[in-house]
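Now for the letters of each chain:
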Amino acid sequence: MLRTHTCGELRLADVNKEVTLAGWVQRVRNKGGLIWLDLRDRYGVTQLIFEEGSTDKALLEKAGSLGREFVVQATGVVIERTSKNDKLPTGDIEIKASALEVLNAAKVPPFIIEDETDGGDELRMKYRYLDLRRNVVREKLQLRHRMMQETRKYMDAQSFIEVETPVLIKSTPEGARDFVVPSRVNPGEFYALPQSPQTFKQLLMVSGFDRYFQIVKCFRDEDLRADRQPEFTQIDCEMSFVDQEDILNTFEGLVRHLFTHVKGVDLGGVERMTFADAMKYYGNDKPDLRFDMKFVELNELAQGKGFTIFDQAELIVGICATGAGEYTRKQIEALTDWVKRPQIGAKGLVYVKCNEDGTFKSSVDKFYTQEDLKAWAEKANAKAGDLILVLSGDAKTTRKQMSELRLKMGEDLGLRDRNVFRPLWVVDFPLLEWDEETQRYHAMHHPFTSPKKEDIPLLEIDPGAVRANAYDLVINGVEIGGGSIRIHDRPTQQLMFKHLGFSDEEAQKQFGFLMEAFEYGAPPHGGIAFGFDRFCAIFGGSDSIRDYIAFPKNNSGRDVMIDSPSTIAEEQLKELSIALALKKE
Ligand code: ASP
């Protein structure tokens, strides 16, 4: 080893020991005859001291010539510091250096490699390997590491077997576009990268593996956002001979294990809510339950009083913002402008202030008496000092708009505390979802999800009303995982494909292998997959999954460090039997 200790471990108890450290020069303070040097590695920072008189001149000069991020090895004796630094675990000691070797020089780094940096996003991504030297960045990946280790520990203890599935496969229907890879030896043919290992894990159940998991890369060619990357990681799981209840319990166990062992948080119970209730009360299939503001429907109370906008609305829905009764006219105007932005698209916002003296002040005073407004307040559970906000219109759109407003109010009122965790199972998702664009039904989860037995007759008469044995795990308004109990027989799977608009030939071509497998004794099975990067981000209290990925891509799907994607040589294209005919936009 080039060192006897790391830069994070020496303490007062080590005084008088001769040690050798190796690391990066974080900072040099040169006071002429006296030089302090902060040496950094993954484990911490240790101060070295070079002093005229006790240090020989050549050594002093060498120390003075070091630049930031030089890689050095230093030997010396641990001494007690005269002025201690209680912010540093090694702050009680320093090393009186007697030898110094430069292991590698460094160019001046393009940004400061400390917790607070002057580097912008793009620059730090271009030099991600330098960014990763920073504690705050590395710690996020260490959190990821812990989550991975604890996941494996829990899954192994529950008898799950980790199995790797192939990356060069064919299309998997998770609702995104595939990334494709041309096959050189099969000209004109392409592999698809897995959007998930869905079909493989089901086949492993047919193989009798009983319990499978994998921490696995998945690939989806979608438009990118803060919580989306073209390649991301799942904790992918599947179990045989189980029903929905078994899956929810097993994976509640995983989530609880991670919270306890990685975060030291006792999660308590995981609530459950049907999809229908989530939409009715929160306008969202992933409600943030850290705060209340449950929707109240005001149709009965607010219609028939001469206010045409409400009278014509399919839905009038309100939320009670506790303690926001003090909002000024300006603040309410700002909220109104906010909901009217094209991204939200509301036509207007009605408010009712519940005054301290028991009276009400609203933007629709012309149409409603104090008694009327009192009835609204009672329904919304609003007290003096609260503010009721009301939107109206067609039900689906209004719920969506109110969901956005609810989240904004939660944010503005400081109710979305990153240190509070409110997990929730959303259950009974619809099996199918109508797609306006293609004018047909799509699988809401994926086509292998089983319908609820009692709803199967509805498939012919009201497909949109069929519920699935599908569930999502939501934490703080973020979808962390989702899965379902699967179809495990050929006729039902075939029926499902038919309802999704596949011809028999298409279904056979794409998923014949799976349907055939179902004819060889497929056990009842079901599973779930967790978005691992998002899970890490929730644990770390961040909105961006990028921070938890060592080498992420930017918003255009580019890795600016290795400069990819990039063109390939003519020769390579020829080998792949591909001729490019790029369309000009
Ligand atoms: N394959 C699904 C997904 O990626 C998860 C599952 O159904 O287990 O969302």
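For the structure given in this document, a descriptive report is provided here. Quick caveat, the model's predicted, so the values are computed rather than measured.

The rules behind these values
Counting of residues starts from 1 at the beginning of each chain's written sequence and follows it residue by residue. Given that the model is predicted, a residue must reach a pLDDT of at least 70 before its local features are reported, and side-chain atom pairs must reach 80 or more before they are shown or counted; all residues, however, enter totals for whole chains, interfaces and linings. As a rule here, side-chain values cover all heavy atoms of the structure and leave hydrogens and water aside. Comment: elements are numbered from the N terminus, with helices defined as DSSP H or I runs of at least four residues and strands as E runs of at least two. A helix's residues, less one, multiplied by 1.5 Å, set its expected span. With a 1.4 Å probe rolled over the protein chains alone, any residue whose accessible area is under 20% of its type maximum counts as buried; one over 50% counts as exposed, and the rest are partly exposed. A contact between two residues is defined here by any heavy atoms of the two lying within 4.5 Å. Side-chain rings of Phe, Tyr and Trp, where Trp is taken by its six-membered ring, are said to pair if the distance between their centres is within 6.5 Å; with planes under 30 degrees apart they count as stacked, over 60 as edge-to-face, and otherwise as tilted. Pairing between strands is defined by DSSP: at least two bridges between the two strands are required. Simply put, an axis is a line fit to the C-alpha atoms, just over the touching stretch for a helix, and the angle between two N-to-C directions goes from 0 to 180 degrees. The labels follow the angle: roughly parallel below 35 degrees, roughly antiparallel above 145, roughly perpendicular from 65 to 115, and oblique for the rest. Should the near helix be turned anticlockwise from the far one by less than a right angle, the crossing is left-handed, and should it be turned clockwise, the crossing is right-handed. Following the grouping adopted for this structure description, the nonpolar residues are Ala, Val, Leu, Ile, Met, Phe, Trp, Tyr, Cys and Pro, the charged ones are Asp, Glu, Lys and Arg, and the polar ones are all others, Gly among them. Salt bridge, as used here, is a side-chain nitrogen of Lys or Arg placed within 4 Å of a carboxyl oxygen of Asp or Glu. Proximity is defined per residue: if any heavy atom of the residue lies within 4 Å of a molecule or strand, that residue is considered near it. Nitrogen and oxygen atoms within 3.5 Å of one another constitute a polar contact, given that in protein one can donate a hydrogen and the other can accept it, and given that sequence-neighbouring residues count only through two side-chain atoms. Areas reported as accessible are Shrake-Rupley estimates using a 1.4 Å probe. Residue values count occlusion only from the protein chains shown.

### What to know about helix α12 (residues 395-412)
Between its terminal C-alpha atoms α12 stretches 25 Å, which fits the 26 Å expected from 18 residues at 1.5 Å a residue. Three or more residues of α12 are buried, namely A395, T398, R399, Q401, M402, S403, L405, R406, L407, K408, M409 and G410. Next to the buried residues of α12 lie α7 (275-282), β12 (296-297), β13 (315-321), α10 (329-340) and β16 (387-393). Downstream of α12 by a residue or two, G414 has a phi angle that is positive, lying close to 70 degrees.

### Description of the environment of E101
In this fold, E101 is placed in strand β5 (residues 93-104). On the basis of relative accessible area, E101 is assigned to the partly exposed category, the value being 43%. Along the chain, E101 and G323 lie 222 residues apart, while their C-alpha atoms are 64 Å from each other.

### Some details on the packing of aromatic side chains
Overall, the coordinates contain 21 aromatic pairs when judged by the stated rule. Centre to centre, the rings of Y368 and W376 are 4.9 Å apart; their planes meet at 65 degrees, and the pair counts as edge-to-face. W376 carries the same exposure label as Y368, and that label is buried. Measuring from centroid to centroid gives 5.5 Å for F535 and F539, while their planes differ by 80 degrees, and the two rings are edge-to-face. Within this pair, F535 and its partner F539 are both found in helix α16 (residues 532-540), separated by four residues, close to a single helical turn. Here the two residues F535 and F539 agree in accessibility, since each one is buried. Feature note: the residues F160, F251, F259, F421, F530, F535 and F539 constitute an aromatic cluster, connected by ring pairs.

### Details of the pairing of β5
Bridging between strand β3 (residues 44-51) and β5 involves two bridges; their strand directions are parallel. Following the sheet pairing, I49 is matched in β5 by K96. Here strand β4 (residues 71-80) pairs with β5 via ten bridges, running antiparallel. For T75, the partnering residue across the bridge sits in β5 and is A99.

### What about the packing of helix α5 (residues 198-206) against helix α15 (residues 504-517)?
Closest axis-to-axis distance for the α5/α15 pair is 10 Å, and the angle between their directions is 20 degrees. One element, α5, and the other, α15, form an angle in the roughly parallel class. Crossing hand, α5 versus α15: left-handed. Residues T199, Q202, L203 and V206 of α5 pack against F511, F513, L514 and A517 of α15. The residue inventory of the contact of α5 with α15, partitioned by class, reads six nonpolar, two polar and no charged.

### Focus on the pairing of strand β1 (residues 18-30)
Where β1 lies against β4, seven bridges are found, and the strand directions are antiparallel. Within the sheet, the bridge partner assigned to L21 lies in β4 and is A74. Where β1 and strand β2 (residues 34-41) come together, six bridges link them in antiparallel fashion. Considered in β2, the bridge of N30 is made with I35. Counting the residues in the hairpin turn of β1 and β2 gives three residues, including G32, whose phi is positive at 80 degrees.

### Description of the pattern of salt bridges
What the rule picks out here adds up to 39 salt bridges. With a shortest N-O distance of 2.6 Å, D14 and K17 are connected by a salt bridge. Ionic contacts of the salt-bridge type, sharing partners, join the residues D121, R124, R128, D131 and R134 into one network.

### Overview of the sheet that holds strand β9 (residues 211-219)
Pairing is mixed across the open sheet formed by eight strands, whose spatial order is β6-β9-β10-β22-β21-β20-β17-β11. Where the open sheet ends on each side, the last strands, each with one partner, are β6 (161-162) and β11 (271-274). The sheet contacts of helix α6 (residues 244-263) involve β10 (231-240), β11, β17 (423-427), β20 (470-475), β21 (478-485) and β22 (525-531), and relative to β20 the element is tilted by about 20 degrees. Contacts from α7 reach β11 and β17 within the one sheet, and its direction differs from that of β11 by about 85 degrees.

### Quick word on the site of the ligand
Close to the ligand lie 14 residues; E174, Q198, K201, H445 and R486 are nearest. Between Q198 and the ligand, the recorded distance is 2.7 Å, taken from a side-chain N or O atom to a nitrogen atom. One of the side-chain nitrogen or oxygen atoms of R486 is found 2.7 Å away from an oxygen atom of the ligand. A total of 270 Å² of accessible area belongs to the ligand in isolation, and the protein chains cover 93% of it. Breaking the shell around the ligand down by element, the ones donating at least two residues are α5, β21 and β22. With three residues, the single largest contributor to the shell around the ligand is β22. Tallied by class, residues from the shell around the ligand come to two nonpolar, eight polar and four charged.

### Notes on the environment of F535
By relative accessible area, which is 0% here, F535 ends up buried. A C-alpha to C-alpha distance of 10.0 Å links F535 and L258, two positions 277 residues apart in sequence. In contact with F535, other than residues within four places in its own chain, are M147, V255, L258, F259, I475, I480 and F530.

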